[in-house]
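The chain contents come next:
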Amino acid sequence: MDGDFRTEFTRSPSGLKHHPALVLNADYRPLSYYPLSLWPWQDAIKAAYMDRVDIVAEYDHVVRSPSTEIRIPSVVVLKDYVKLQKRVAFTRFNLFLRDEFCCQYCGAKGDLTFDHVVPRAAGGVTSWENVVAACSPCNLRKGSKSLKQARMALRKPPRQPGSEELRNVGRKFPPNFLHESWMDYLYWDAELDAV
């Protein structure tokens, strides 16, 4: 598999390629960290015009219409608080995020699939508590055997993550592009003042 494994899960609509706007909830925290909550600049301007967001930072670039000139928003904050879901959907992406994009048997990154700890052939179910991220070699090695039969061990037991836990794990994976105007609202690589 070429490139960074994590980038296969991120969508890049054409509007996000140039001047995306970081979207913050009414409490000034990003709606999500991974993927980072971004809107195309067109959506940010539309939301500001419809009085649904406040613009808190702007790019140096402007867009023009026949009658007006608008600086492109780089950070917008929602006027109404969006209650975040407490329940985490059981998806392939969330499973890989929970396991920090590494094999739960050997720790390898990339070329990931998922594995049933208790094989389905032995009655194992597809659930948070029985499925882990696994690299292809470990998945093939384990096959339909139990952990004991395969002489393998898990790095950590699988369990259902909470939404806040998943958001915190997502903060460990910053996107390739972070605009300087976003840094006050994100906590990646933030330099702390020594006292």
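Details of the structure are given in the entry above.
Thresholds, definitions, all that
- Residues numbered from 1 in each chain as written.
- Predicted model: local features only at pLDDT ≥ 70, side-chain atom pairs only at ≥ 80, totals over all residues.
- Heavy atoms only, no water.
- Helix = DSSP H or I, 4+ residues; strand = E, 2+ residues; numbered from the N terminus.
- Buried < 20%, exposed > 50% of the residue type's maximum accessible area, 1.4 Å probe, protein only.
- Contact = heavy atoms within 4.5 Å.
- Areas by Shrake-Rupley, 256 points an atom, 1.4 Å probe, with all protein chains shown as cover.
- Arc of directions from axis to C-beta.
- Pairing = 2+ DSSP bridges.
- Axes fitted to C-alpha atoms, helices over the stretch in contact; angles between N-to-C directions.
- Phe/Tyr/Trp six-rings, centres within 6.5 Å; stacked < 30°, edge-to-face > 60°.
- Core = buried A, V, L, I, M, F, W, Y, C linked by side-chain atoms within 4.5 Å.
- Salt bridge = Lys/Arg side-chain N within 4 Å of Asp/Glu carboxyl O.

Participant: Got a minute to help me understand the overall build of the chain in this structure?
Facilitator: In terms of helices and strands, the chain carries six helices and six strands. The linear arrangement of helices and strands in the chain, starting from the amino end, is α-β-β-α-β-β-α-β-β-α-α-α. Within the chain, the fraction of its 195 residues that count as buried is 38%. A separation of at least 24 residues holds for 61% of the contacts in the chain among residues at least 6 apart in sequence. Summed over its atoms, the accessible surface of the chain is roughly 12000 Å², and 50% of this surface lies on carbon and sulfur atoms.

Participant: Looking at this structure, how should I read helix 6 (residues 163-170)?
Facilitator: Each α-helix turn comprises 3.6 residues. Residues three or four places apart therefore point the same way. Residues Ser 163, Leu 166, Arg 167, Val 169 and Gly 170 constitute the buried set of helix 6. All buried residues of helix 6 fall inside an arc of 160° around its axis, so they share one side. Tucked inside the fold, the buried residues of helix 6 contact helix 3 (92-98).

Participant: Is there a simple way to explain the sheet that holds strand 3 (residues 53-64) in this structure?
Facilitator: Backbone hydrogen bonds hold the strands of a sheet together, and the pairing may be parallel or antiparallel. The four strands lie next to each other as 2-1-4-3, forming an open sheet whose pairing is mixed. Unpaired on one side and paired on the other, strand 2 (38-39) and strand 3 mark the two borders of the sheet. As judged from the two bridges shared by strand 1 (residues 21-24) and strand 2, these two strands associate in the antiparallel manner. Looking at strand 2, one finds that Leu 22 is bridged to Leu 38. Across the sheet, helix 2 (residues 41-49) lies against strand 1, strand 2, strand 3 and strand 4 (69-78), angled at about 125° from strand 3, the strand it touches most.

Participant: What's the story with the packing of aromatic side chains in this structure? I'm lost.
Facilitator: Pairs of aromatic rings are described using the distance from one ring centre to the other and the angle between the two planes. Counted by the stated rule, this structure contains three aromatic pairs. Centroid distance Phe 90 to Trp 128: 5.0 Å. Interplanar angle 70°. Geometry classified as edge-to-face. Of this pair, Phe 90 sits in the loop between strand 4 and helix 3 while Trp 128 sits in the loop between strand 5 (112-116) and strand 6 (131-135), and the two are 38 residues apart along the sequence.

Participant: Before we go on, may I ask you to explain the nonpolar core in this structure?
Facilitator: The biggest cluster of nonpolar side chains holds 23 residues, and the ones touching the most others in it are Leu 97, Phe 101, Cys 103 and Tyr 105. For this core, the elements supplying multiple residues, two or more each, are helix 3, strand 6 and helix 6. In terms of residue count, strand 6 provides more of this core than any other element does, five residues in total. Leu 22, Leu 36, Tyr 59 and Trp 182 belong to the second largest nonpolar core, which has 14 residues in total.

Participant: Mind showing me how you'd approach the pattern of salt bridges here?
Facilitator: Side chains bearing opposite charge may pair, as long as their charged atoms lie close to each other. For the coordinates displayed, the defined rule picks out ten salt bridges. For Glu 69, the salt bridge goes to Arg 64, with nearest N and O atoms at 3.1 Å. Since its relative accessible area comes to 63%, Arg 64 is described here as exposed. Across the pair Arg 98 and Asp 99 runs a salt bridge, and its minimum N-O distance is 2.8 Å. Per residue, the accessibility class of Arg 98 equals that of Asp 99, and both read buried. Each of Arg 29, Glu 164 and Arg 167 takes part in salt bridges that share partners, so that together they form one network.

Such coordinate-based values are descriptive only and should not be taken to indicate function.
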